[in-house]
Amino acid sequence: MQFPYGNAALTLLVVSVLTGLGIGIVDVRKATRLDKPDIVFATFAKDHLPAYIPAIEKFEKENHCKVQLQYVDQPTVKGRLQAAMQVGAEVPDMVEILDGTMGTFTSGPLENVGFVDLTEKIKENGLADKLVKSRFGKWSSRGHLYALPHDVHPVMLAYRRDVCEQLGIDVSKLTTWDEFVRVGRQVTKDSDGDGVYDRYMIDLPADGGDALRLLMLQRGARLFDDKGNVCFDDELTAKTVCWYVRQTSGKSKISFPAGWGQNFAKTMQDATCLFFICPDWRTKQIQADVSAVKGKMALMPLPAWEPGGIRTSTWGGTGLAFPKQGKNFDLAWKLAMYLYYDPEQLGPRFLDNYILPPLTSAWTQPQFNEPDPFYSNQRRGMEYIKLAPQVPDEPAHTYAQTALGKLSEAYQNVVLHYEKNGDDGLEEFALAELKRCAERVRVMVDRNVFLRTDDRTSKGAAK
Amino acid sequence: MSLTTPQGPAIASVKEINRAGDILKPRGGPNNSYRGPRWAPYIFLSPYFLLTALFFIYPLISAAVLAFYQTNGPSYRKYVGLENFRFILGDPDFHTAILNTLVFACGSVFIQLPLSLALAMMLNARSDRFKSLFRLAIFAPNLVGSVFVGILFMMLFTPRYGLFNQFLQTLVGWGLEQRWLADPSLVMPAIIICTLWMYVGFNMIYFLAALQNVDANLVEAAKIDGAGPASIFWNVTRPAITPVATFVVVTSTIGSFNLYELPFTLLQGSGPNNSGLFAVTYLYNYFNSQDLGTAAAVGWVLAGMIFAVSLIQIFLSGTTRRDR
């Protein structure tokens, strides 16, 4: 019997059907595999893996179970996990999520949040008193906690100690930002007269970004208050924005945007900038990327906004959440306690990932007290530990990213105003811009029917 | 009767033509009809219809319905009527996104396409052995993915250390510390520079193909009649390449309205003061925040705009009039 449409069409049809069957068989075999793990643990943080792998192997032996550790790209975690949890697709039993993304998962009524509510569990285990308190806010929504904090991430300034000494800068006197700027104006100059500054005091991103946010936090200004109301249109924020604009724009600026990667490394190596904002996790990046400055770097607390004020802030964070669809919550919780809050593991791990854990009892481990030759033999761990209790709280919010975008919009308009008019009416303009942008965020929050009080408890919103 | 020339039969007879026509008649025609089961063709066509229905018609209808709901992910939705459309049409960010998209589209049409045409004319005028090499060199950037181009130019535009800034400083003594991606007034030029590098060669290929099809006899006749290069271009070349030019303009405009990956990777978001916010980025932001209803409404508004702009362009180019 001959195929009526010719051999070419028949061949294409056969190839297509066989390929489809092949893919289908592979997928079915994967799905019906007998050696399924007891727990699937997904993380976006590649830096965490080297410490987790041996710890998990030990946990598996002790508990006679199988744990599958998956590395998943961060945008994938944010973009797909929420949808997967809602439609009942396969999800991990425990998952690490990035600072700033919790709002995505808690954007609806509380009963629809896909993660297990850990509020009571934390109380039962006494963790509320054992961990740095300010770290719970990032993983909470409307008073309910949905993830365990992995870190503290206090912020210091890393600086070129050798160049500062050559220039006669006494960093112990840089206790306030006013003093820092005064010295910065002397340091930042065009020595050879070619119209380009040869040296800057500090690396600050030109678009504000995370640096502006962490400086706001240090000063006590936030995007949202404890009740979730937009609050970045206050005078404190306006003052901070204006301060930042003066340091990054115009002729009296003291900063240069070093960016990331190679440019950051070159800026540090050439000492184009002397000071760099440096949370604990960045100390490892600097050590890995700019080995040429070994022994030439040192760490100091952030200058305070007023004498005696807070000398640190925070940048970034990871939280560990448990999807409700997880099949083995008790075992997953046990693994979480083992990985996150076992003091004996956290000491050696600090040597590997340079990240300060939030479990205060772990800070007595000897590894936190070791001098670091890269940072001029400073006891890096202890430097961050001293600042950890001051780390400000930053509550999560569904519209945190939107608010950051609007803060950036206001900031850019203030820059334009400053470049055109200088200091004339700068703070008034900044306040007006912040009010306009904050109002826009309020409009967006208000139109979310899932966040309205009458919808929080009703099932009406559910399909 | 056979039409002959002194060298022999050059044109086939009418009978021969009819015979050839019979051979070339499609199968299934009245003289050679298909005798299998009547439903067989539909079976073979069904995969296409099935896939179209599943991946095109159903999503289209679903998106139309979704635009009238506010959603929190795929499972939770609430009917809001026209609220999504009302909101986006009154949203200053949407206006910014549309304005940026239109500016970029104008940049594409009025900078990129004339440049493509000029390059094509230069290549068409020359007939040396390096022609293919030039054509490949100009077209090659299009072989690179737009995400890669975004990352590449992000490095090139780096203040102080970026190649582009250093080149400008060396050439004109300005630009070493220009913040192309952080200064709202420089973001759009930076994106246009990237797309010029990427797409000029691609559109040049279309124009080159069109120019090579311009009737050389007409050009020769115009020259004999005393027409200058400008007159030849306007009266001979332009009408001949108009259908291709219309196609390039329409596809470039649609491409401009769909711009997403390049600014997103170049700016790692919407850029300072939303200067790199485009219509599709605006849509993606709602999609990413689980508000699929608003994203669907943006999609429909965008589709309507693309349809309207394309219609206007086709009407203005006069292509349809000539087709009639």
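Above this text you will find the structure in question.
Remember, predicted model here, so these are calculated numbers, not experimental data.

This part covers the overall build of chain A. Looking only at helices and strands, chain A has 18 helices and twelve strands in total. Referenced to the eigenvectors of the C-alpha coordinate spread, the extents of chain A come out at roughly 90 × 60 × 50 Å. Looking at chain A as a whole, 47% of its 463 residues qualify as buried. Long-range pairs, those at least 24 residues apart, make up 74% of the contacts in chain A between residues at least 6 apart in sequence.

With that settled, the discussion passes to the overall build of chain B. Scanning chain B for helices and strands turns up 14 helices and four strands. Looking at the 324 residues of chain B, the share that counts as buried comes to 31%. Of the contacts formed within chain B by residues at least 6 apart in sequence, a portion of 66% connects residues at least 24 apart.

Taken residue by residue, the interface counts 28 residues in chain B and 29 residues in chain A. Among the elements of the structure, helix H2 (40-66) and strand E4 (77-79) of chain B are those that each provide at least two residues to the side of chain B that touches chain A.

With that out of the way, let us pick up the sheet that holds strand E6 (residues 148-149) of chain A. Note on sheets: strands pair through backbone hydrogen bonds, and any given pair is parallel or antiparallel. All names here are of chain A. Taken in spatial order, the five strands of this open sheet run E2-E1-E3-E12-E6, and their pairing is mixed. Here the strands that pair on one side only, and so sit at the sheet edges, are strand E2 (67-71) and E6. When E6 meets strand E12 (residues 318-321), the two strands line up antiparallel, connected through two bridges. Among the inter-strand pairings, Pro149 is bridged to a residue of E12, identified as Gly319. The sheet strands contacting helix H2 (residues 49-63) are strand E1 (39-43) and E2, and the helix crosses E2 at an angle near 170 degrees.

The strand order E9-E8-E10-E7-E11 (chain A) describes an open sheet built from five strands, whose pairing is mixed. At either margin of the open sheet sits one strand with a lone partner, and together these are strand E9 (255-256) and strand E11 (297-301) of chain A.

Before going further, it helps to examine the environment of Ile151 of chain B. Positionally, Ile151 of chain B belongs in helix H6 (residues 146-156). For Ile151 of chain B, a count of 13 C-beta atoms within 10 Å corresponds to the partly exposed category.

This part covers the packing of helix H10 (residues 229-257) of chain B against helix H13 (residues 292-317) of chain B. Residue and element names in this part refer to chain B. Where H10 meets H13, the closest approach of the two axes is 10 Å, and the angle between their N-to-C directions is 160 degrees. Comparing the axis directions of H10 and H13 gives the class roughly antiparallel. Of the two elements, H10 crosses H13, and the hand of that crossing is right-handed. Counting all contacts with H10, which are made through Thr242, Thr246, Val249, Val250, Thr253, Ile254 and Phe257, the residues of H13 involved are Leu302, Met305, Ile306, Val309, Ser310, Gln313, Ile314 and Ser317.

So, on to the packing of helix H4 (residues 92-125) of chain B against H10 of chain B. All names here are of chain B. With their axes 9 Å apart at the nearest point, H4 and H10 run at an angle of 145 degrees to one another. Along this stretch, H4 crosses H10, giving a crossing that reads as right-handed. Residues Thr101, Phe104, Ala105, Ser108, Val109, Gln112 and Leu113 of H4 form the contact with H10, whose own contacting residues are Val248, Val249, Ser252, Thr253, Ser256 and Phe257. A class-by-class count of the residues in the contact of H4 with H10 yields seven nonpolar, six polar and no charged.

Residue and element names in this part refer to chain A. Pairing analysis gives three bridges linking strand E8 (residues 200-203) to strand E10 (residues 273-279), with the strands arranged parallel. In the strand pairing of E10, Tyr200 is matched with Cys273. In this sheet, E9 lies alongside E8 in parallel orientation, the contact comprising two bridges. Counterpart to Asp203 in the pairing with E9 is Phe256.

In globular proteins that are soluble, nonpolar side chains generally tend to be buried together. Met156, Leu157 and Ala403 of chain A are the most contacted members of the largest nonpolar core, which totals 127 residues. A per-element tally of this core places helix H16 (residues 400-421) of chain A first, with nine residues. Not counting chain neighbours up to four residues away, the residues in contact with Met156 of chain A comprise Cys278, Leu299, Met300, Pro301, Leu302, Thr312, Glu383, Tyr384 and Leu387 of chain A. Tyr76, Tyr206, Leu208 and Ala245 of chain B belong to the second largest nonpolar core, which has 61 residues in total.

Residues and elements named next belong to chain A. The buried fraction of E10 is high, at seven of seven residues. Where strand E7 (residues 155-160) meets E10, five bridges bridge the pair, whose relative direction is antiparallel. Looking at E10, one finds that Tyr159 is bridged to Phe275.

Conventions and cut-offs
Residues numbered from 1 in each chain as written. Chains lettered and ligands numbered in written order. Predicted model: local features only at pLDDT ≥ 70, side-chain atom pairs only at ≥ 80, totals over all residues. Helix = DSSP H or I, 4+ residues; strand = E, 2+ residues; numbered from the N terminus. Buried ≥ 20, exposed ≤ 12 C-beta atoms within 10 Å, placed from the backbone. Contact = placed C-beta atoms within 7 Å. Pairing = 2+ DSSP bridges. Axes fitted to C-alpha atoms, helices over the stretch in contact; angles between N-to-C directions. Parallel < 35°, antiparallel > 145°, perpendicular 65-115°, else oblique. Left-handed = near helix turned anticlockwise from the far one by under 90°. Nonpolar A, V, L, I, M, F, W, Y, C, P; charged D, E, K, R; others polar. Core = buried A, V, L, I, M, F, W, Y, C linked by C-beta atoms within 7 Å.

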